[in-house]
Structures are given as C-alpha cells and as structure tokens.
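# Topology and contacts: notes
Letter by letter, the chains look like this.
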Protein chains: 2
Amino acid sequence: MEIQELINKLNELEQLQYAYRYAMGITNFDGNTVAPKNSYKARGQAMAILSGETYKKFINEEVKELLFSLKENEKQLDFTTLRKVDEYIDEYEKTSKIPMNEFMEYTKLQSDSNHAWEQAKANNDFKGFAPYLEKMFEFNKRFANYRNPEKKPYNVHLDDFEKGMEMDDIDKFFNQLKKDVVPLIKDAVNESKGIREDFLERPFPVDKQKELSSLLTDVLKMDKDNFIIAESEHPFTMGLNNFDVRFTTHYYENMIASSFYSTMHEAGHAIYGLNHDLKYNGTVLSGGASNGVHESQSRFYENLVGRSKQFINYIYPTMKNLFPDQLSDVSANEFYRAVNKPKLSLIRIEADELTYSLHIMVRYEIERMMFEEKVNVNDLPAIWNSKYEEYLGITPPNDTKGVLQDVHWAFGLIGYFPSYALGSAYASQFLSKMKETVSFDSDVAKGDFSNINAWLKDNIQIHGAVYTPKQLIERVCNEPFNPKYYADYLKGKFSDL
Amino acid sequence: MEIQELINKLNELEQLQYAYRYAMGITNFDGNTVAPKNSYKARGQAMAILSGETYKKFINEEVKELLFSLKENEKQLDFTTLRKVDEYIDEYEKTSKIPMNEFMEYTKLQSDSNHAWEQAKANNDFKGFAPYLEKMFEFNKRFANYRNPEKKPYNVHLDDFEKGMEMDDIDKFFNQLKKDVVPLIKDAVNESKGIREDFLERPFPVDKQKELSSLLTDVLKMDKDNFIIAESEHPFTMGLNNFDVRFTTHYYENMIASSFYSTMHEAGHAIYGLNHDLKYNGTVLSGGASNGVHESQSRFYENLVGRSKQFINYIYPTMKNLFPDQLSDVSANEFYRAVNKPKLSLIRIEADELTYSLHIMVRYEIERMMFEEKVNVNDLPAIWNSKYEEYLGITPPNDTKGVLQDVHWAFGLIGYFPSYALGSAYASQFLSKMKETVSFDSDVAKGDFSNINAWLKDNIQIHGAVYTPKQLIERVCNEPFNPKYYADYLKGKFSDL
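All of these numbers come straight from a predicted model, not from anything done at the bench.

## Quick notes on the sheet that holds strand S1 (residues 227-231) of chain B
Residues and elements named next belong to chain B. Strand order across the open sheet formed by three strands is S1-S3-S2, with mixed pairing between neighbours. If you trace the sheet from one side to the other, it starts and ends with S1 and strand S2 (237-241), each paired once. Neighbour-to-neighbour, the strand axes of this sheet turn through a mean angle of 15°, independent of strand direction. When S1 meets strand S3 (residues 244-249), the two strands line up parallel, connected through five bridges. Looking across to S3, one finds that Ile228 is bridged to Arg246.

## Points about the domain arrangement of chain A
Residues and elements named next belong to chain A. Here chain A is partitioned into domain 1 (3-128) and domain 2 (167-496). At the interface, 27 residues of domain 1 touch 37 residues of domain 2. Both sides together, the interface formed by domain 1 and domain 2 hides about 2800 Å², and carbon and sulfur atoms give 64% of it. It is Phe29, Trp117 and Phe126 that lose the most area in domain 1 upon contact with domain 2, and together they represent 27% of the buried surface on that side. At the junction of domain 1 with domain 2, the criterion picks out one salt bridge.

## Overview of the relation of the copies chain A and chain B
Taken as rigid bodies, chain A and chain B are interconverted by a rotation of 180° and an axial shift of 0.0 Å, the fit giving an RMSD of 0.0 Å. Taken together, the rotation and translation relating the two chain copies correspond to the operation of a two-fold axis. Using C-alpha coordinates, one finds that chain A approaches the rotation axis most closely at Ala23 of chain A, a distance of 2.8 Å. Taken together, the interface assignments show that 100% of the residues at the interface of chain A recur at the interface of chain B, consistent with an identical surface on both copies.

## Description of unusual backbone geometry
Unusually for a residue other than glycine, Lys221 of chain A sits at a positive phi of about 65°. Following the sequence through the fold, Lys221 of chain A ends up in the loop between helix H10 (206-219) and strand S1 (227-231). At Asn478 of chain B, a residue that is not glycine, the phi angle is positive and equals roughly 60°. Among the structural elements, Asn478 of chain B can be located in the loop between helix H20 (469-477) and helix H21 (484-496).

The rules we used
Residues numbered from 1 in each chain as written. Chains lettered and ligands numbered in written order. Predicted model: local features only at pLDDT ≥ 70, side-chain atom pairs only at ≥ 80, totals over all residues. Heavy atoms only, no water. Pairing = 2+ DSSP bridges. Helix = DSSP H or I, 4+ residues; strand = E, 2+ residues; numbered from the N terminus. Axes fitted to C-alpha atoms, helices over the stretch in contact; angles between N-to-C directions. Domains from an automatic or database assignment. Contact = heavy atoms within 4.5 Å. Buried area = accessible area lost by both parts, 1.4 Å probe. Salt bridge = Lys/Arg side-chain N within 4 Å of Asp/Glu carboxyl O. Least-squares fit on C-alpha atoms with pLDDT ≥ 70 in both.

In structure tokens:
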C-alpha cells in the first residue's frame with residue numbers, strides 16, 4: 001500500500017474514533033450534569049455496548065497492520081503523523097491486552113459506580129458504595145497486570161496519568177515537600193488563626209455566583225461561542241475539540257470561594273482544551289501533555305492568578321457590585337487573606353495552597369496500599385480518617401467529608417491524584433520562566449490576560465499531546481522538572497501572608 | 001437455527017440499536033439545549049459517521065436474514081415479538097432503499113441545516129437558510145422516490161408520521177374543518193376583540209416562570225427522577241426510555257403564556273414517553289403509536305386540560321403567588337379568556353385552539369406544493385406570507401415571524417405538521433370516551449390527575465407503538481376516527497367564551 005493510502009486510512013480511523021468519543025463524551029457529560037436521576041441504568045448499558053463497539057473498531061488485525069505498516073515507514077512520515085502513530089500504537093498495546101468483555105464490563109461499572117458514589121456521598125453511606133469501589137480496584141489491578149505483568153500495578157497507573165512517573169519519583173517529590181514545605185505548615189496555621197473568614201460563609205445568592213463565574217471567564221478572555229459552564233456534583237472539564245469545551249462547577253450558597261475557585265480552576269483546563277493547534281483538533285494528539293501538565297494550567301489560573309493579591313484587588317470591585325451586602329464590611333485584603341488562610345481542613349478541593357499537598361499524600365498512600373498490600377475496602381474510612389488525623393490533625397465527622405469526597409476512585413481514576421500536586425509544582429516552574437518575558441504581576445493587577453494567555457498557549461497549550469511532560473518542561477524551561485520553584489513560591493507567599 | 005436463538009439475536013440487535021439511538025439522541029439533545037454555538041460542525045460530522053455506523057449495523061444480509069427467518073416462523077412468536085419483527089422489517093425496507101452515503105450526508109445536513117435555521121431565525125435571514133432548505137426538500141423527495149417510486153412522494157412522507165394517511169385523508173379532514181370550524185372563526189374573532197390580554201405581555205421573571213413549569217409537572221404527577229425540563233429555541237420532547245425523558249421550553253419574559261402552554265404541551269408528550277409498558281422499554285415498540293397520537297396526548301394536556309376554565313381556576317392561586325404584581329388586577333376568568341382569545345395571529349405555537357388548524361393548513365399546502373409542483377425555495381417567504389394573508393388576514397412583518405418560525409423543515413420533518421391538527425382531533429375523541437368513566441371536569445377542577453392519567457395510560461400510552469393509529473382509536477373508542485368530536489368541542493368552547 002502506498003504511504004499516502006495508509007495515511008488516509010489513519011485519518012479515517014481518527015474520524016471514526018472521534019465520532020464515538022464525541023457521542024460517548026456528551027453522554028457522560030449529560031449524565032453528570034442534567035440527566036434525570038433514574039437514567040443511569042440505561043446510560044450504563046448503552047455506554048457499555050458502545051465501548052465494546054469502539055473496542056472492536058480499534059482492536060483488530062486491520063488496525064494493527066495499519067499502525068505497524070505506518071511505523072515501519074516512519075521515515076516517510078512528518079513529525080505530527082509519526083507522533084499520532086506512536087500514540088495509537090501505545091494505546092493499541094494497552095487496550096489489546098484487556099479482553100473485550102472485561103473492557104465492556106468495566107465501562108458499565110464506571111457508570112454504575114459513579115451513580116452509587118453520588119448516592120453514597122449524598123447519604124453518607126460508604127457501605128452502599130463499597131462493593132463498587134472494591135470491584136473498581138480489582139478491575140484496575142487486573143488490567144494493570146494484563147498490560148504489564150513485569151511492572152508493579154500501581155506504577156502502571158501512575159504512568160497512565162503522568163508518563164514516565166513511578167512511585168520512586170512521587171516519593172522523591174513528596175519527600176522534598178515534606179522537607180521544605182511541611183515544616184512551615186504548623187506555624188503558618190497557628191499564625192493565621194486570627195485571619196477572619198466568617199464572611200465566606202454568608203449566603204451568596206446562587207444566581208449572582210453564576211454571574212461571577214461567567215464574568216471570570218470574560219476576564220480570562222474566553223470566547224463563549226466555544227465553551228459552556230454547567231453544574232455537577234464534582235467540578236470537571238471536558239474538552240471535546242477546539243470549538244466545544246465544557247466545564248462544570250457546583251454552587252453552594254454558603255461557600256462563595258468554592259464556585260469562585262472551581263471556576264478559575266476548570267477555566268484553566270478549558271483554556272488548555274481550546275488552545276491546541278488546529279492540526280491536532282479531533283485527533284489523538286488533541287489531549288494535553290499529561291494530567292499533571294493539565295493540572296499545571298488549571299492550578300495556574302486557580303492559584304497563581306486567582307489567589308494572588310493582584311487578581312483579588314482587580315476583581316474585588318466587581319464582586320462588591322455583585323454582593324454589596326455580603327461584602328460591605330470586607331476589604332480586598334481581608335478577602336485575599338481569607339481565601340489563602342492555611343488551615344488543617346477536610347476537603348481537598350477547598351484546601352489552601354499550603355496544605356493542599358497533604359491531602360494528596362493521604363490519597364497517594366491509600367492508593368498505594370490498596371495496590372501493594374492486602375487492604376479490605378471496608379477499612380478505607382478508618383484508614384482515611386486516621387491519615388487525616390496524622391497529617392492534618394483533624395478527623396472527618398463523616399465519610400461524606402472523608403473518603404467519599406472525591407469522584408476519582410468511583411470512576412476508576414486511580415493514580416490520578418499525584419498529578420494534582422505535580423501540576424502545582426509544574427505551574428510554579430512555568431511561572432518563573434514566564435516572568436522572564438511577561439510582566440505577570442502588573443498584567444494580573446490590570447486584569448490583562450493577553451500576554452499571559454499567549455505565553456501559555458504558545459509554549460504549552462498549542463502542542464497538545466505531542467510532547468511528554470518531561471520533554472515539554474525541558475523545552476519550555478530549558479531544565480528538567482524541579483520542585484524547588486514550587487517550594488520557593490509557597491515559602492514566599494505564606495511568609496508574607 | 002432454533003427460534004429461541006433467533007429471538008436472542010433480535011434482542012441483541014435491539015440492544016445495539018438502542019445504544020446508538022441513546023448516544024445520538026443525547027448528542028442531539030445537547031446540541032439543541034446547552035452546547036456552545038461553535039460546536040455544531042464537529043457534532044454534525046460525528047453524527048454523520050455514527051449514522052453511517054447504525055446504517056451498516058442494520059442494513060446487512062445478516063440482519064435481513066434474521067428478520068425474515070423470524071417472519072417465516074411467525075406462528076411461533078408471541079404477539080409482542082411479532083410486532084417487533086414487523087416494525088423492524090418495515091424499517092429495514094424503508095432504510096435499505098437509501099444508499100448509505102446519502103443517508104450519512106443527510107444526517108450531516110440535518111445538523112448543519114438546524115444550525116443554519118437557528119442563525120437565520122435569530123437574524124431574520126431567510127437567504128442564509130434557503131440553500132439548506134432546498135437541499136432538505138431535494139433529499140426528502142429523492143428518498144421518498146427511492147422508497148416507494150409508485151407512491152406520490154408527499155404521501156410517503158405523510159405515511160411516515162401517520163401510518164395509513166394520504167393527501168386525500170388530510171384533505172377530507174381539513175375540508176370538514178373548513179365546513180364546521182372555519183365559518184365560526186370570523187365572528188369569534190370579532191366578538192372576542194374586547195377580551196383583554198395586555199397583562200400577558202407584562203414582564204414575568206424567567207426564574208419564576210421556571211418555577212411555574214416545575215410546579216405544573218408536579219400537578220400532573222410527573223416523577224422528577226425520570227425526566228428533566230431544559231431550554232431550547234423551539235420546545236421539543238425526547239423520550240429515551242421509561243426512566244429518562246426530557247422536554248424543553250423557551251422562556252420569554254414578556255410572554256408568560258408561551259412557557260406555560262409549551263410546558264403543558266411537552267409534558268403531555270413526556271407523560272406518554274414515560275408510560276409505555278416496561279416490556280417495550282428500549283425496543284422498537286417504545287415510541288408512540290404515531291405522531292398524531294403523540295400530539296393527541298400533548299394537546300390533551302395543553303388544551304383540553306390547560307386551557308379549560310377548570311384548570312385555570314385551579315392553578316390560578318398558584319400563579320398569583322408566583323406573580324403577585326403582574327396578576328394583581330387580573331381575575332382567573334380574565335386569564336382564562338385571554339389565553340383562549342381567538343385571534344388571527346402569526347405564530348403557530350402561540351395560536352388559540354380555534355385558529356390553530358389554519359396555521360397547519362398553510363404549512364400543509366406549502367409542503368404539498370414543494371413536493372407536487374415546481375416551486376423555488378426562494379419564493380417560500382412570499383408564498384407563506386400570501387397564504388397567511390389569505391387564511392388569517394394578516395401578513396408577517398418578517399420571516400422570523402413567518403416562514404422561519406418552525407424548526408421542522410430544517411430538520412427534514414416534512415409531512416409532520418398535519419399530525420398536529422389530527423392530534424387535536426384525536427384528543428377530543430379520546431376525551432369524549434374518557435368522560436364515560438372519568439369525572440374529567442371535576443377532577444381537573446380539583447387538580448386531581450390520578451384518574452385522568454390512569455385512563456390515558458391504560459388505554460393509550462401503555463401500548464407504545466404496538467397499534468397503528470387507526471387500530472388504537474377503534475380499540476379505545478369502539479369507532480373509527482371521527483373529526484366531529486373536535487368540531488363539536490371547538491363549537492361548544494368558543495360559543496361559550
């Protein structure tokens with residue numbers, strides 16, 4: 001077959017895969033946002049069947065031959081096509097090792113388990129969720145074993161979310177944080193006790209919070225023709241293509257900071273999803289470089305921008321307009337200090353920057369235990385609570401605020417959490433580099449995101465999934481990943497608070 | 001092959017078809033409700049590819065052999081299975097005559113055309129929509145010809161929406177209305193001129209209108225775990241299964257009657273979709289008997305219930321609570337008269353019951369012309385306007401309020417409109433029968449829908465698509481379809497107004 005013919009066939013494969021991914025993505029999104037409560041069973045069945053269909057369309061001799069024929073002729077391929085072929089081969093090798101019936105069962109489980117988690121969280125009923133969670137860990141351990149029997153299963157998972165990362169790398173990273181950052185926490189928490197934050201729990205009308213979310217995306221120069229904001233139990237972003245990205249938030253009347261910062265966070269993911277080079281649109285290269293790099297963008301907007309003094313000074317008059325009664329006796333600086341107040345708290349997504357990594361460490365250690373040791377799922381609440389007591393000196397009053405708080409495990413995203421902490425660290429390293437050419441502080445103070453957005457787009461986002469995280473960081477920063485930027489940033493910020 | 005093996009294969013086919021229908025249905029729903037504006041292209045491409053996939057999964061020798069093997073052994077099949085087989089064979093024969101590439105092109109066109117229509121309606125730009133509309137009519141004429149070259153193409157279309165109906169039947173029905181109802185209109189309109197309706201255009205806050213829509217579904221005893229209300233340009237209902245039905249409405253601040261009655265209308269469709277016998281759930285028998293029968297249920301709730309004096313008296317205190325300022329000087333009887341005031345008006349979905357059929361006649365005659373005569377699409381606005389002048393004595397000031405007002409043609413639903421008028425007529429005939437055993441007027445006056453809903457469910461809705469409209473009407477009413485019930489109802493109501 002001529003090389004051009006092979007490339008055409010690859011394009012067809014891409015379009016076919018895209019069509020399924022699109023419809024299944026929308027169906028998931030719908031299930032997480034607006035679908036009626038009782039819809040979950042039929043959705044789970046439909047998704048299981050369609051996942052079987054996508055499996056059959058991809059895992060077959062014809063596709064295998066196509067991919068390996070292209071690989072054999074790699075010298076005739078341009079850089080982008082070769083990267084696609086490599087990604088596909090990687091995916092092929094991963095997926096083909098999982099029997100189709102188990103793959104379909106797993107898709108069905110994801111939907112059921114997600115539903116069970118929602119119910120369990122709403123009713124503080126870990127027991128109702130435990131059987132699903134148990135199956136979820138079982139499936140994932142088995143899959144990891146199918147895929148790479150020589151590697152420790154948890155390392156297989158870590159690599160999925162952050163290519164090239166293993167437990168040793170994560171340990172090294174966390175050890176550095178334990179050395180540089182953890183020692184600051186106790187004093188910082190003690191010294192911050194006087195910072196007032198009562199006003200954050202005042203009732204902020206939900207419709208006004210929605211207005212604020214919408215305004216924030218305007219400030220970040222996002223084009224409303226290409227994205228929507230929806231609502232779901234747990235905020236998430238789904239990037240379908242360069243013209244269709246959706247992110248969600250959750251509005252709680254008594255928690256203004258929750259929707260404010262989840263909007264800033266998810267907007268960061270969304271901006272990434274909107275800024276890939278158009279030549280990757282709808283292809284296997286249209287995701288981000290990794291979960292960690294995706295998190296670097298979301299945490300950039302959430303924390304480095306959104307929790308900065310400059311940004312709060314800039315946005316505060318708008319907030320005063322929206323919430324004149326709630327904020328009448330609160331200054332911008334008081335707001336800044338409240339949303340940065342380091343606290344030994346229960347909920348990861350509401351944690352301050354300084355203590356955030358502790359929440360991740362708890363999850364990392366539990367995932368690791370679940371994979372490496374014999375742990376009964378029913379013991380997880382107790383393990384969770386004791387780790388919170390150990391690291392944060394605080395015990396969750398119930399499982400809803402404890403082990404049930406995050407959706408990830410319900411959906412099989414095991415090994416994902418470390419990428420949140422890595423993302424924060426990447427973001428600090430990127431910011432340090434950005435500051436060489438962009439007047440970040442004064443731009444943020446003016447609410448001018450043209451140069452900041454352009455820098456992130458041109459250096460990071462435009463490349464889609466072309467580079468691995470390591471390659472990308474080296475390319476952008478001219479040095480390897482270095483967590484000291486993150487440690488320095490935290491030390492600087494929290495000594496100054 | 002054993003008969004049970006064949007039946008198992010049929011079940012597999014059903015589940016596979018269902019999975020695609022589900023995901024594509026959700027994707028369409030998403031496109032019509034929340035998707036960002038620029039999403040339409042990728043959605044159209046994905047839907048075209050998936051429609052090609054569903055085509056290939058259905059139109060092939062294996063399925064053909066399965067269906068005809070089952071048909072050959074029909075004596076061994078229970079009633080439900082045989083009905084499924086017949087429906088599938090019918091669908092097979094329809095679809096297999098359309099070449100796959102044209103089928104896919106058409107799916108893509110539906111999405112693009114729908115988008116173009118939205119833009120055109122928003123900008124009063126018929127020219128922007130005309131090329132899509134032209135292609136839409138071309139495709140549909142060609143498809144009708146493929147499917148049944150012996151039949152007039154427009155009759156093929158009418159039969160799609162209302163099995164067994166041809167132009168002659170529709171002509172007979174409309175002629176009866178022209179004889180019995182149209183003569184009333186002029187006087188009724190003149191005599192009603194004094195009825196005040198100014199208050200319907202007062203500003204009714206959208207969030208309160210949403211509350212009203214939600215309350216109306218509570219009154220109708222709909223279970224919120226099984227359905228949602230969303231918003232779209234043009235209200236519609238999508239019934240996915242017995243546990244997942246969605247309907248939409250559109251809230252205009254200055255048109256309270258619009259969301260009120262579109263909610264009642266779509267709720268009727270939704271109730272039908274929720275009440276099929278569970279044994280039809282997710283199967284080819286889970287639709288309604290026909291479009292006309294579906295419309296009979298929506299118009300039942302919209303008009304026979306929603307526009308009755310009894311219902312308005314019942315719901316009015318709730319409305320006064322929601323809209324104390326807007327309705328402070330309006331009595332229930334004034335509201336009743338306002339929403340029933342016969343008017344020679346422009347917009348079909350806001351028309352009163354008496355003049356509604358005139359709007360349908362305009363559309364029916366235009367569709368017929370487009371199929372039977374040489375008409376240039378660019379002449380449609382002029383033709384539309386002259387017909388409105390002829391039938392209703394009123395000329396649309398622009399195309400947005402004229403030929404662009406309805407979505408149907410943009411989506412290829414040609415031959416659909418007559419079923420609205422038929423549905424109203426069926427509804428009157430059903431009501432007359434219902435009144436033999438249900439105290440309709442007093443139940444509605446009490447807001448008690450238990451017996452009314454149960455009658456509709458047990459007699460009509462539970463049967464899904466098992467019976468043709470003619471069979472169903474005979475079964476329910478012990479007589480064939482008879483438009484005199486409709487004429488009598490209208491005469492009674494409007495002489496009394």
